[in-house]
Amino acid sequence: MTVLFSEYLIEKKLLSMEQVLEIFIEQLEIIPSSAELIYEFNLLPKNDLLKILMKQQIEGLDFQASAKSLGLWNSEVSDSVKKKLKEIYKPFTEILVQKEYLTLDNLSSAIISFTEQNIQESNPIKPVIEPIHKLNKEMLFEYLDCFENVISINIKSFLAKIKNSEITQNNFRNEINNVKSEFIALQAAANFVNAKYSEKVSILVSNYIEKIVSLNNEFNIDKTKEIVEMAFNILEGYFQSLKLNEIEDIKGLNPNDVYNELKNIVEKS
């Protein structure tokens, strides 16, 4: 049985039922109707939209049923509405952080624990070879939310600190261990939704960080920045593809070639 992240937070007493309800209500308030989206973004001619609304008023049908009965609802319109809804959708965790119900650090820890628990419960034994994989779309919103509002923010912060010369040999170990935690969190979340390419990249980078930290040598900060930045750009590409099309695809690039290029850089460092 699938457990929602919100249920998990209540169960672990990280949020109250009242707080979760407030977040859900806020989400509902910002989601426009299909008619509003079609009107605002001109997805149908205005006269067709008016026909649908009049049909809806006369026959008491819902909007889509009225549009279908007039032959004005097709896959193109449906896909356009869904795409706009995804763009407008405000994730549960984004509202949670805005309301200051949890800090980003506490949220990140909760996401790691939640995904690990679900992995163990839903799929304790995994096949060695999985040439074809399907996304767990039930949890995709949570994964995208985790990447966009927690993990990417912290990785971007790390890269900005290097750019601004705020990271030195003295504080690099602590900073890079924090970044490693983000890649481990992403690895767990990607595993749960079966985003295999994102998972592979996350594993590669977290293993690389573990290796350079364990050597106790002087850190090559610029090289680490190059690897983390390249990995993040790849993951950002997959994130945008998942968000828009629910697949991991960077146009014009073979996923294995992308991974191997990053792997070669890691192995030479």
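Relevant structure appears above.
Here goes a summary of the coordinates provided. Quantities reported herein were computed from a predicted structural model and do not represent experimental measurements. (Residues numbered from 1 in each chain as written. Predicted model: local features only at pLDDT ≥ 70, side-chain atom pairs only at ≥ 80, totals over all residues. Heavy atoms only, no water.)

## Re the packing of helix α12 (residues 221–245) against helix α13 (residues 255–268)
Think of two packed helices as two axes; the pair is described by the angle between the axes and how far apart they sit. It is the contact of α12 with α13, at a shortest axis distance of 10 Å, that shows an interaxial angle of 165 degrees. Relative to α13, α12 is oriented roughly antiparallel. Of the two elements, α12 crosses α13, and the hand of that crossing is left-handed. For the pair α12 and α13, contact is made by Lys223, Glu226, Ile227, Met230, Ala231, Ile234 and Tyr238 and by Pro255, Val258, Glu261, Leu262, Ile265 and Val266, respectively. Broken down by class, the residue content of the contact of α12 with α13 amounts to ten nonpolar, no polar and three charged. (Axes fitted to C-alpha atoms, helices over the stretch in contact; angles between N-to-C directions. Helix = DSSP H or I, 4+ residues; strand = E, 2+ residues; numbered from the N terminus. Parallel < 35°, antiparallel > 145°, perpendicular 65-115°, else oblique. Left-handed = near helix turned anticlockwise from the far one by under 90°. Contact = heavy atoms within 4.5 Å. Nonpolar A, V, L, I, M, F, W, Y, C, P; charged D, E, K, R; others polar.)

## Topic: the packing of aromatic side chains
Enumeration according to the criterion identifies seven aromatic pairs in this entry. Both rings, one in phenylalanine 5 and one in tyrosine 8, keep their centres 6.4 Å apart while their planes meet at 15 degrees; by these two values the pair is stacked. Residue phenylalanine 5 and its partner tyrosine 8 are both found in helix α1 (residues 5–11); the two are separated by three residues, about one turn of the helix. With relative accessibility at 2%, the residue phenylalanine 5 sits in the buried group. An aromatic cluster is defined as three or more aromatic residues linked by ring pairs; in this entry it consists of Phe147, Phe232 and Phe239. The ring of phenylalanine 41 carries the charged tip of lysine 84 above its face, separated from the ring centre by 4.4 Å. Between lysine 200 and the ring centre of tyrosine 259, over which it is positioned, the NZ or CZ distance is 4.2 Å. (Phe/Tyr/Trp six-rings, centres within 6.5 Å; stacked < 30°, edge-to-face > 60°. Buried < 20%, exposed > 50% of the residue type's maximum accessible area, 1.4 Å probe, protein only. Lys NZ or Arg CZ within 6 Å of the ring centre and 35° of its normal.)

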